[in-house]
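# What the coordinates show
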Amino acid sequence: MTTATRADRAAGALLGLACGDAAGVPYEYATAPYDPQRGPEMIGGGLGPYAPGEWSDDTQMALCIARVAASNTPIDSPEGLDAIARGFLDWLREGATDVGTQTRQVLGALQADDDGPGLAERMTMLAAELHARSGRTAGNGALMRTAPIALAFPDDPERTARAARLIAELTHADPLAGDSCVLWCEAIRRSVADGVQGRPEDGFGLLPAERRDAWAALADGTWRQSALAPNGFTVTALYAALHAVEQTAGDPADSFRAGIAAAVALGDDTDTIAAITGSLLGAWAGATAIPAQRTGAVHGWPGYDGAGLRELGAYIVG
Ligand SMILES: [Mg+2]
């Protein structure tokens with residue numbers, strides 16, 4: 001059990017996501033060499049190029065969801081899903097510094113100013129068509145942005161799981177993408193709601209029965225023998241983040257640092273793996289356990305800083 005409050009843990013999920021993202025940005029796809037002696041430094045650069053402390057598309061897209069979660073419209077209602085879809089289109093037009101392949105294919109097929117009712121349905125249908133055409137839509141782009149969903153209904157695992165899948169399906173129709181979001185959200189939701197160290201295995205029972213075989217390696221622990229890079233695939237990304245989360249012990253601030261360092265050390269999609277890792281570590285320990293040097297430096301689209309994320313996370317769960 002942690003002594004952090006529920007609000008602090010919710011704030012930690014968002015701040016951890018952002019701090020992980022910004023710490024991984026400089027090393028994404030080896031844009032800069034990573035020195036394990038120094039650990040990840042929020043020096044910017046990367047694919048943006050980004051300013052020091054600036055977060056990337058992972059946190060930007062998560063904030064599209066978080067802002068609706070903070071409104072009076074439930075994120076799993078047709079209106080809420082439309083608002084999230086609308087947010088994604090606004091982000092693509094105004095804020096996107098980097099856009100994942102599948103996300104670009106789906107969002108790019110819609111009119112940039114599409115604001116009509118049923119937008120989420122149209123987006124979901126385009127994602128399904130892309131999946132039917134290519135058979136390959138299990139990238140990590142839904143998992144990377146999923147954390148805020150875990151804060152919306154903190155005492156309702158089934159509703160959280162349903163929302164996680166619906167929002168994944170806006171851009172990623174492969175059920176593996178939805179599964180990974182259900183599992184990671186349940187880990188965060190339990191951590192925030194109950195003050196325990198929630199894990200993705202906790203969400204196994206929230207997957208439809210026919211989906212569980214795909215995650216047998218998670219259930220029996222044999223995922224630890226699998227390769228953790230490349231990690232653009234959502235299943236590998238989840239295992240990579242879980243590996244990083246497990247490289248922690250002791251003092252919460254040291255744990256956060258160690259977990260993010262382990263995520264970045266895996267290489268490949270460093271910002272996304274560190275963002276996913278940070279969202280769970282932040283939910284475990286609370287925002288106050290994330291080093292202030294990091295929370296004081298993060299910032300990015302649509303104009304938030306660390307203090308803003310802290311308020312937003314606490315507000316959503318409140
Ligand atoms: Mg990114």
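Summarised in this report is the structure supplied together with it. (Residues numbered from 1 in each chain as written. Predicted model: local features only at pLDDT ≥ 70, side-chain atom pairs only at ≥ 80, totals over all residues. Heavy atoms only, no water.)

Relative to the assigned elements, Ile-276 resides in helix 12 (residues 270–285). For Ile-276, a relative accessible area of 1% translates into the label buried. Separated by 77 residues in sequence, Ile-276 and Arg-199 have C-alpha atoms that sit 13 Å apart. Those residues in contact with Ile-276, other than ones at most four positions away along the chain, are Leu-143, Met-144, Trp-184, Ala-237 and Ala-241. (Helix = DSSP H or I, 4+ residues; strand = E, 2+ residues; numbered from the N terminus. Buried < 20%, exposed > 50% of the residue type's maximum accessible area, 1.4 Å probe, protein only. Contact = heavy atoms within 4.5 Å.)

Enumeration according to the criterion identifies three aromatic pairs in this entry. Arranged with centres 5.2 Å apart and planes meeting at 75°, the rings of Tyr-27 and Tyr-34 form a pair that is edge-to-face. Measuring from ring centre to ring centre gives 6.1 Å for Trp-215 and Tyr-239, while their planes differ by 80°; the resulting arrangement is edge-to-face. With Trp-215 in the loop between helix 8 (175–194) and helix 9 (216–220) and Tyr-239 in helix 10 (residues 234–246), this pair connects stretches of sequence that are 24 residues apart. For Trp-215, a relative accessible area of 0% corresponds to the buried category. (Phe/Tyr/Trp six-rings, centres within 6.5 Å; stacked < 30°, edge-to-face > 60°.)

Another aspect to go through is the coordination of the magnesium ion. The protein atoms donating to the magnesium ion are Ser-56 (OG), Asp-57 (OD), Asp-58 (OD) and Asp-271 (OD), with metal-donor distances spanning 1.9 to 2.4 Å. Here the donor residues for the magnesium ion map to a single chain with the spacing S-D-D-x212-D. Taken together, the residues span a long stretch of sequence, with Ser-56 in the loop between helix 1 (6–24) and helix 2 (57–69) and Asp-271 in helix 12 at a distance of 215 residues. A relative accessible area of 0% places Ser-56 in the buried class. (Donors = N, O, S within 2.8 Å, 3.2 Å for Na, K, Ca; no water.)

On to the packing of helix 1 against helix 2, then. Between two packed helices, what matters for the description is the angle formed by their axes and the separation of those axes. Orientation of helix 1 relative to helix 2, taken along the N-to-C sense of each, is 160°, at an axis distance of 9 Å. Taken together, the axes of helix 1 and helix 2 lie roughly antiparallel to each other. Relative to helix 2, the crossing made by helix 1 is left-handed. Residues Leu-14, Leu-17, Ala-18 and Asp-21 of helix 1 form the contact with helix 2, whose participating residues are Asp-58, Thr-59, Ala-62 and Ala-66. Residue composition of the contact of helix 1 with helix 2, by class: five nonpolar, one polar and two charged. (Axes fitted to C-alpha atoms, helices over the stretch in contact; angles between N-to-C directions. Parallel < 35°, antiparallel > 145°, perpendicular 65-115°, else oblique. Left-handed = near helix turned anticlockwise from the far one by under 90°. Nonpolar A, V, L, I, M, F, W, Y, C, P; charged D, E, K, R; others polar.)

Another point: the packing of helix 8 against helix 10. One way to put it is that helix 8 packs onto helix 10 with a least axis distance of 9 Å and a crossing angle of 25°. The pairing of helix 8 with helix 10 is recorded here as roughly parallel in orientation. Counting all contacts with helix 8, which are made through Leu-176, Ala-177, Ser-180, Leu-183 and Trp-184, the residues of helix 10 involved are Thr-234, Val-235, Leu-238, Ala-241, Leu-242 and Val-245. Broken down by class, the residue content of the contact of helix 8 with helix 10 amounts to nine nonpolar, two polar and no charged.

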